[in-house]
Amino acid sequence: MRVVVGISGGIAAYKAALAIRELVQAGHDVHVVPTASALRFIGRPTLEALSRNPVTDEVFDDVAAVRHVALGQSADLIVVLPATANTLAKLATGLADDLLGTTVLASRAPLVLAPAMHTEMWEQPAVQANVRTLVERGATIVGPVAGALTGGDTGLGRMAEPTDVVAAALAAAGAAQQPGALAGRTVVVSAGGTREPIDPVRFLGNRSSGAMGAELAAAARAAGASVTLVGANLHVPAPEGVELVEVETTEQLRTAMLERADADVVVMAAAVADYRVEGASDEKRTKEAWGERPTLTLALNPDILAELARAPRRSLLVGFGAETEPDDDALVQRGRDKLARKGADLLVLNRVGHDEGFGRVDTRVRVLDADGVVADASGTKASVARVIIDTVAQRLAAASEEHQ
Ligand code: C5P
């Protein structure tokens, strides 16, 4: 694959060398496009030696080969690491005043950006707005992560590890390049949030929009699978080419999922109500009947994912875990415990809070199996869904090979 590695001018530029080496060692044809300020942090000879290709930041070098557009047109993937606040702003605006700018504009390849900057800069509304713009246009953002920054301070803004950036970039490009990875497979995805009636007009529910599940269904369809989306109160439309089965309550979702437990892949992305209202009324309850301090008695709902894990014909079973745990290691450990408890094969872990997860366009997930983290991706729900489906497809392919 032809990979353009863009480097912008931050101290993390030296780490781009590690990413270039990893990409070359994996057999990719790597072309490095530094900005002028990146070349003040890392030398051209280093970049040429590692990438084994000539390196320039000049639009006016090699004009006969129309280099300013040729690189972008021929790229299968563009990854920019580090992406400074300035470069994010330029890319978000579509500026093309250097070779990196023209290359990105001339390309239709997946764009993966690894921001690095001080916490104050990262948190600036201007920077966040640029990131949102880029994400909405389909870019995948990897990091930044929390850690030591150059000024001796610590906080969010450190570039993600080069090997994580490379993994996310290859996943973004790989999934985009491999339609058919799930050809001939059946995939069932649950999405949305179940509602538990209190009476005919009221319910207990949750904030899940169903966007992640819908993107998973779309990604599985794009990979060639025959897909059923079991949607609980979706706020988003079902993707084209996907069969939609609408449900409302946990019991309805359970029935719909157990009926389809023989699919090759079952993904439980729905936010399932853990409790239902005991003795829900068939008639609308009035304030008079309810009184001043009404109480609802809740009964525990069955765990559908755990039931599917015990079904006779085992699908590849993917669960979701939305956690509020702030500490990263503790978050992953919780995910591993949940995976073991539920008996699923993979668990997609995401952190939710008031400004993360539910309803947001961009998201970060880690995919776990029994041995630990197997994929780590951030970006739009669509790009993250592609990474998850890619991981699923690899699992199925590996399992088929074992059987042969
Ligand atoms: O235990 P927790 O609710 O965090 O687990 C989340 C995972 O389990 C999700 O995949 C969700 O769809 C599934 N689940 C389920 N049945 C329940 C509760 C959660 O299948 N009653």
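Residues numbered from 1 in each chain as written. Predicted model: local features only at pLDDT ≥ 70, side-chain atom pairs only at ≥ 80, totals over all residues. Heavy atoms only, no water.

Novice: When you look at the pattern of salt bridges in this model, what are you seeing that I'm missing?
Specialist: Between side chains of opposite charge, pairing is possible as soon as their charged atoms come close. Taken as a whole, this structure holds 16 salt bridges when the rule is applied. Here K90 makes a salt bridge to D97, at a shortest N to O gap of 2.9 Å. Classification of K90 as buried rests on a relative accessible area of 18%. Assessed through its relative accessible area of 53%, D97 is described here as exposed. Residue R254 is joined to E307 by a salt bridge in which the shortest nitrogen-to-oxygen separation is 2.8 Å. In this pair, R254 is assigned in helix α11 (residues 250-259) and E307 in helix α13 (residues 304-309), connecting sequence segments 53 residues apart. (Salt bridge = Lys/Arg side-chain N within 4 Å of Asp/Glu carboxyl O. Buried < 20%, exposed > 50% of the residue type's maximum accessible area, 1.4 Å probe, protein only. Helix = DSSP H or I, 4+ residues; strand = E, 2+ residues; numbered from the N terminus.)

Novice: Looking at this structure, how should I read unusual backbone geometry?
Specialist: Peptide bonds are mostly trans, and most non-glycine residues show a negative phi. Cis geometry is found at the peptide bond from L81 to P82, where omega equals -10°. Checked against the element boundaries, P82 lands in strand β3 (residues 77-83). In this model, G143 is joined to P144 through a cis peptide bond whose omega is 0°. For P144, the location among the structural elements is in the loop between β5 (140-141) and β6 (145-148). For N233, which is not glycine, the phi dihedral falls at a positive 55°. Here N233 is to be found in the loop between β11 (226-232) and β12 (243-247).

Novice: Help me understand a nonpolar patch on the surface in this model?
Specialist: The grouping of Y275, L296, L298 and L300 at the surface amounts to a nonpolar patch, some 380 Å² of accessible area in total. Relative to the assigned elements, Y275 resides in strand β14 (residues 275-277). (Patch = residues over 30% accessible without salt bridge, like charges linked within 9 Å, V, L, I, M, F, W, Y side chains within 5 Å. Areas by Shrake-Rupley, 256 points an atom, 1.4 Å probe, with all protein chains shown as cover.)

Novice: Where do I start with the side chain of T391 in this structure?
Specialist: One can find T391 in helix α15 (residues 381-403). Dropping the residues within four chain positions of it, T391 is found in contact with L346, V367, V374 and A375. (Contact = heavy atoms within 4.5 Å.)

Novice: Please explain the site of the ligand as it appears in this structure.
Specialist: Every residue close to the ligand is listed here: M268, A270, V272, D274, P302, D303, I304, L305, G319, F320, K338 and K342. At a separation of 2.7 Å, an oxygen atom of the ligand approaches a polar backbone atom of A270. Taking 450 Å² as the accessible area of the ligand by itself, protein coverage stands at 85%. Here the shell around the ligand is composed, by residue class, of seven nonpolar, one polar and four charged. (Near = heavy atom within 4 Å. Polar contact = N/O pair within 3.5 Å; in protein donor to acceptor, adjacent residues only side chain to side chain. Nonpolar A, V, L, I, M, F, W, Y, C, P; charged D, E, K, R; others polar.)

Novice: What's the story with the sheet that holds β3 in this structure? I'm lost.
Specialist: Whether parallel or antiparallel, the strands of a sheet pair through hydrogen bonds between backbone atoms. Judged by pairing direction, the sheet is parallel, and its five strands sit side by side in the order β2-β1-β3-β4-β5 without closing on themselves. The sheet terminates laterally at β2 (29-34) and β5, the two strands that pair on one side only. Bridge count for strand β4 (residues 111-115) against β5 is two bridges, and the pairing is parallel. Paired with V112 across the two strands is T140, which belongs to β5. (Pairing = 2+ DSSP bridges.)

Novice: In this structure, what is going on with the nonpolar core? I would like to understand it.
Specialist: Taken as a class, soluble globular proteins show a tendency for nonpolar side chains to be buried jointly. Among the nonpolar cores identified, the biggest contains 35 residues, and L182, V187, V189, L216, V267, F320 and I388 are the most heavily contacted of them. The greatest single-element share of this core, amounting to eight residues, is contributed by α15. With 32 residues, the next largest nonpolar core counts A16, A38, V112 and V166 among its residues. (Core = buried A, V, L, I, M, F, W, Y, C linked by side-chain atoms within 4.5 Å.)

Novice: Just checking my understanding: could you explain the environment of V352 for this structure?
Specialist: Along the chain, the position of V352 falls in the loop between β17 (346-351) and β18 (362-369). Between the C-alpha atom of V352 and that of P200, which follows or precedes it by 152 residues, the distance is 30 Å.

Novice: Is there a simple way to explain the packing of helix α10 (residues 211-222) against α15 in this structure?
Specialist: For the pair α10 and α15, the least separation of the axes is 8 Å and the interaxial angle reads 55°. Between α10 and α15, the interaxial angle falls into the category oblique. For the crossing formed where α10 meets α15, the hand is right-handed. For the pair α10 and α15, contact is made by A211, M212, E215, L216, A219 and A220 and by K381, A382, V384, A385, R386, I388 and I389, respectively. (Axes fitted to C-alpha atoms, helices over the stretch in contact; angles between N-to-C directions. Parallel < 35°, antiparallel > 145°, perpendicular 65-115°, else oblique. Left-handed = near helix turned anticlockwise from the far one by under 90°.)

Novice: In this structure, what is going on with helix α1 (residues 13-25)? I would like to understand it.
Specialist: Every α-helix carries 3.6 residues per turn, so stepping three or four residues along brings you back to the same face. For α1, which comprises 13 residues, the first-to-last C-alpha distance of 19 Å matches the rise-based estimate of 18 Å (1.5 Å per residue) to within 8%. Listed as buried for α1 are A13, K15, A16, A17, A19, I20, L23 and V24. Once α1 finishes, G27 follows within two positions and takes phi at roughly 95°, a positive value. (Expected span 1.5 Å × (residues − 1).)

Novice: What am I meant to see in the packing of helix α5 (residues 85-93) against helix α8 (residues 125-136) here?
Specialist: Helices that pack against each other are described as a pair by the angle of their axes relative to one another and the distance between those axes. Running from N to C, α5 and α8 point in directions that differ by 50°, and their axes come no closer than 9 Å. One way to sum up the angle between α5 and α8 is to call them oblique. Here α5 runs over α8; the crossing is left-handed. For the pair formed by α5 and α8, the contact residues are A85, L88, A89, L91 and A92 on the first element and V127, N130, V131, T133 and L134 on the second. Considered class by class, the residues forming the contact of α5 with α8 number eight nonpolar, two polar and no charged.

Novice: So what exactly am I meant to see when it comes to the pairing of β3 here?
Specialist: Successive residues of a regular strand alternate their side chains across the two faces of the sheet. Of all seven residues making up β3, seven are buried, and the element is well covered by its neighbours. Across the two faces of β3 the burial is the same, with L77, V79, L81 and A83 and I78, V80 and P82 all buried. Relative to β3, strand β1 (residues 2-7) runs parallel, the two sharing four bridges. In the sheet register, G6 faces β3, and the bridge partner there is V80.

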